[in-house]
Amino acid sequence: MKQITMTAAEIANAVQGTVAGDPDRTISSVSGIKDAAAEQLSFVGNKKYEELLQHTAAGIVLVCKDLAGASTENRTLIVCDNVDLAFAKVTAMFAEEPPAVVRGIHPSAVIAGDAKIGKDVAIGANVVIEAGAEIGDGAVIDALCYIGHEAKIGAATRLYAGVKVMYRCTVGAKCIIHPGVVIGADGFGFIPGPQGLVKVPQTGIVQIGNDVEIGANTTIDRARFGKTIVKDNVKIDDQVMVAHNVVVGESSILVAQCGIAGSAELGRGVIVAGKAGINGHITIGDGCQIAGTSSVIKSLPAGTIAIGTPAESQREFMARLGLPKKVKKLDDKIKELEAKIAELSK
């Protein structure tokens, strides 16, 4: 963390919050609510965690509006409309700068003579850039990356160590690709033949839009034909699998270890939670939310919240979840009526 101090009033002004308590209280770093000390700032974004607020030693706490009336004894509160966003802003204020990018081309990089390298780039040790590849202005290609034949990397995009972008695939501008990502490996395609499985040629590419972030060790397969497409502003977590010919709509979120099978199409603003699976050749409408570990086997209309295996709507899931209790109540009622009938029959 940077060695700076800020007052509650300064922080409130930066995050557009309201101070409750001493506006002159200072902090010098941030921490989680359980571990925070008196000189640190933390946050509580939900009223159900109010007990943590009561026991924290944090000097300043960002809180949601539901906690605006909480005690300010031994602490100052800053009431925020969006606590998570506010805490992210404060964390950035105190965070150490990442290691400086060294512009230029490392002498151990291997770059084909006809590759097009933009201005003000940084190309690290042991990078390989194949024939016909293009690297945009201001791009950063860290050590051990591989850029295949005729692949294109957009301006101001950052590829962290060990990223592979295979032949003819494209990555847009201002993207962040974390270590170990593979873009454009062959899609999984085989058909039975008389002597066993026969590989289906995967002749397409992967096209990544602008302002996309892809987490470590995620794989996005090239299309069987045409394109696997990840549109602008998509955010993908670590260890996600995107299969051939998938389309991921703008501003969608794919969380860790989820998998999207071949030729599925996700609309704009879709959220697929951790370990969820999307069947191939189906359509997920704009704004759908898929709960963690769910398995979606059929297309979903826009705005659906899908839960379970096989996935069903939130209404269907809750109805089915409550069914055993309803059956028990019905069974108890039947027993009660049987007892009354028996009593009347005496």
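1. Description of the packing of aromatic side chains
Item 1. A full pass over the atoms with the stated rule returns two aromatic pairs.
Item 2. On the basis of an interplanar angle of 70° and a centroid distance of 5.1 Å, the ring pair of phenylalanine 188 and phenylalanine 190 is categorised as edge-to-face.
Item 3. Overall, phenylalanine 188 belongs to the exposed group, its relative accessible area being 71%.
Item 4. Sitting above the plane of the tyrosine 167 ring, arginine 222 keeps its charged end 3.7 Å from the centroid.

2. Digging into the pairing of strand β7 (residues 76-79)
Item 1. Where burial is concerned, the two faces of β7 agree: the one with Thr76 and Ile78 and the one with Leu77 and Val79 are both buried.
Item 2. When strand β2 (residues 18-20) meets β7, the two strands line up antiparallel, connected through three bridges. Following the sheet pairing, threonine 18 is matched in β7 by valine 79.
Item 3. With four bridges connecting them, strand β6 (residues 60-63) and β7 associate as parallel partners.

3. Details of the layout of surface pockets
Where empty space is left can be seen by rolling a probe of water-molecule size over the atoms.
Item 1. The space that makes up the largest pocket amounts to roughly 180 Å³.
Item 2. Every residue lining the largest pocket is counted, 15 residues in all, and those nearest its centre are Val101, Val102, Ala122, Gly124 and Asp142.
Item 3. Those elements that place two or more of their residues in the lining of the largest pocket are β8 (104-105), β11 (122-123) and β14 (140-141).

4. Let's talk about helix α1 (residues 8-15)
Item 1. Those residues of α1 that sit buried are Ala8, Ile11, Ala12 and Val15. Take α1 and look down its axis: the buried residues cluster within an arc of 100°, on one side only.
Item 2. In the stretch just after α1, glutamine 16 is the one whose phi turns positive, near 60°.

5. Structural notes on the nonpolar core
Item 1. Ranked by size, the top nonpolar core spans 54 residues in total, and within it Val165, Ile183, Ile208 and Leu254 carry the most contacts.
Item 2. Ranked by the residues each element gives to this core, the list is headed by strand β24 (residues 205-208), at three residues.
Item 3. When near neighbours in sequence (up to four residues on either side) are disregarded, leucine 254 contacts Lys235, Ile236, Asp237, Val240, Val242, Val248, Ile260, Leu266 and Val272.
Item 4. The next biggest cluster of nonpolar side chains, apart from the first, holds 30 residues, and it includes Ala20, Leu77, Ala86 and Phe87.

6. Section: the pairing of β6
Item 1. Here β6 shows no split at all, with Ile60 and Leu62 on one side and Val61 and Val63 on the other all buried.
Item 2. Tracing the backbone out of strand β5 (residues 40-44), into helix α2 (residues 50-55) and back to the parallel element β6 gives a crossover that is right-handed.

7. Notes on unusual backbone geometry
Item 1. Located in the positive-phi region is lysine 174, a residue other than glycine, with phi close to 60°.
Item 2. Mapped onto the secondary structure, lysine 174 falls in the loop between β19 (170-171) and β20 (176-177).
Item 3. Lysine 174 gets classed as exposed once you look at its relative accessible area, which sits at 60%.
Item 4. Phi at glutamine 257 takes a positive value of approximately 65°, unusual for a residue other than glycine.

8. Section: the pattern of salt bridges
Item 1. Within this structure, the stated rule accounts for seven salt bridges.
Item 2. Between aspartate 211 and lysine 235 there is a salt bridge, with its nearest N and O atoms 3.6 Å apart. Remark: lysine 235 occurs in strand β28 (residues 235-236) and aspartate 211 occurs in the loop between β24 and β25 (213-214); sequence separation between them is 24 residues.
Item 3. Judged by its relative accessible area of 36%, aspartate 211 is partly exposed.
Item 4. For lysine 333, the salt bridge goes to glutamate 336, with nearest N and O atoms at 4.0 Å. Pair noted here: lysine 333 and glutamate 336 are both in helix α4 (residues 314-344), with a separation of three residues, about one helical turn.
Item 5. Of the residues examined, glutamate 336 reaches a relative accessible area of 35% and is grouped as partly exposed.

Definitions and limits used
Residues numbered from 1 in each chain as written. Predicted model: local features only at pLDDT ≥ 70, side-chain atom pairs only at ≥ 80, totals over all residues. Heavy atoms only, no water. Phe/Tyr/Trp six-rings, centres within 6.5 Å; stacked < 30°, edge-to-face > 60°. Buried < 20%, exposed > 50% of the residue type's maximum accessible area, 1.4 Å probe, protein only. Lys NZ or Arg CZ within 6 Å of the ring centre and 35° of its normal. Helix = DSSP H or I, 4+ residues; strand = E, 2+ residues; numbered from the N terminus. Pairing = 2+ DSSP bridges. 1 Å grid on protein atoms, 1.4 Å probe; cavity = no way out; pocket = protein on both sides within 12 Å on 5 of 7 lines; lining within 4 Å. Points joined across faces, edges and corners; volume = space filled by probe spheres on them. Arc of directions from axis to C-beta. Core = buried A, V, L, I, M, F, W, Y, C linked by side-chain atoms within 4.5 Å. Contact = heavy atoms within 4.5 Å. Right-handed = clockwise from strand over helix to strand, strands pointing away. Salt bridge = Lys/Arg side-chain N within 4 Å of Asp/Glu carboxyl O.

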